[in-house]
Amino acid sequence: MTDRMLNALNEQINEEMFSSYLYLSMSAYFEDINLNGFANWMRVQAQEELAHAMKFFDFINERGGRVHLKTIADPKQEWASPIEAVEETLEHEKHISGCINNLVNIAIEEKDHATNNFLQWFISEQVEEEASADELLQQVKMTEGKGAGLFMIDKDLKGRTFVPPTAE
Ligand code: FEO
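Before going into details, it helps to say that this report is about the structure given with it. Bear in mind that the values here come from a model prediction, so they are computed numbers and not experimental data.

## Description of the overall build of the protein
Right, on to step 1. Secondary structure assignment for the protein yields five helices and zero strands.
Right, on to step 2. Of the regular secondary structure in the protein, the N- to C-terminal order runs α-α-α-α-α.
Right, on to step 3. In summary, the protein has a C-alpha radius of gyration of 17 Å against a globular reference of 15 Å for 168 residues, a match within 12%.
Right, on to step 4. Structurally, the protein occupies a C-alpha span of about 55 × 25 × 25 Å along its principal axes.
Right, on to step 5. For the protein, the residues scored as buried account for 46% of the 168 residues in total.
Right, on to step 6. Counting contacts in the protein only where the partners sit at least 6 residues apart, residues at least 24 apart contribute 81% of the total.
Right, on to step 7. As presented, the protein carries roughly 9,000 Å² of accessible surface, and 53% of it is formed by carbon and sulfur atoms.
Right, on to step 8. Positive and negative charge centroids in the protein, built from 14 and 30 side chains respectively, lie 1 Å apart.

## Digging into the nonpolar core
Right, on to step 1. M26, F30, F38, L136 and V140 are the most contacted members of the largest nonpolar core, which totals 23 residues.
Right, on to step 2. Counting residues per element, the ones that place at least two in this core are α1 (3-32), α2 (36-62), α3 (82-109), α4 (113-142) and α5 (147-157).
Right, on to step 3. Take this core: its biggest share by element is six residues, from α1.
Right, on to step 4. Setting aside chain neighbours within four positions, we find M26 in contact with M42, W79, A85, E88 and T89.
Right, on to step 5. Counting residues in each nonpolar core, the second largest holds 20 residues, with M5, I13, L103 and F122 among its members.

Thresholds, definitions, all that
- Residues numbered from 1 in each chain as written.
- Predicted model: local features only at pLDDT ≥ 70, side-chain atom pairs only at ≥ 80, totals over all residues.
- Heavy atoms only, no water.
- Helix = DSSP H or I, 4+ residues; strand = E, 2+ residues; numbered from the N terminus.
- Rg over C-alpha atoms; globule rule 2.2 N^0.38 Å.
- Buried < 20%, exposed > 50% of the residue type's maximum accessible area, 1.4 Å probe, protein only.
- Contact = heavy atoms within 4.5 Å.
- Areas by Shrake-Rupley, 256 points an atom, 1.4 Å probe, with all protein chains shown as cover.
- Lys, Arg positive; Asp, Glu negative; His and termini not counted.
- Charge placed at Lys NZ, Arg CZ, Asp CG, Glu CD.
- Core = buried A, V, L, I, M, F, W, Y, C linked by side-chain atoms within 4.5 Å.

Remember, this is a structural readout, not a statement about activity or role.
Here it is, written out as structure tokens:
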């Protein structure tokens, strides 16, 4: 693997770890305002991000590269409303999709077919990530911030469980 590819993959570990931190912070926010289903959804989201980071970690090791872990930035702690937090979730996922696309561009430029192949899992994953954040956002928007609707969604979100991504 070229240094350029390796550095970019190491950066992505940090992006995924930060994503995990951000959603864990959102989970704490939702716990604080007693929307425990939303808190659960965000907590599961945080676990998924950690699993994403570990997929990069394992891939770098498998290819004989050296993992370099960097400082994880402070995530935001407060949001003005549930809508704002979910909007930020969708925006963040779009940002991550951009990161993954950029990694694929680098893999192509570096003629690194193995890394390109590895990244295709993330291309599909990001389609799902954006779709689920968008679906939640549309649902939350429909409630117009009203308690009854929010509590119904909240009840639904309690059911989300963490399913580890299969190692392929
Ligand atoms: Fe690791 Fe939500 O993208």
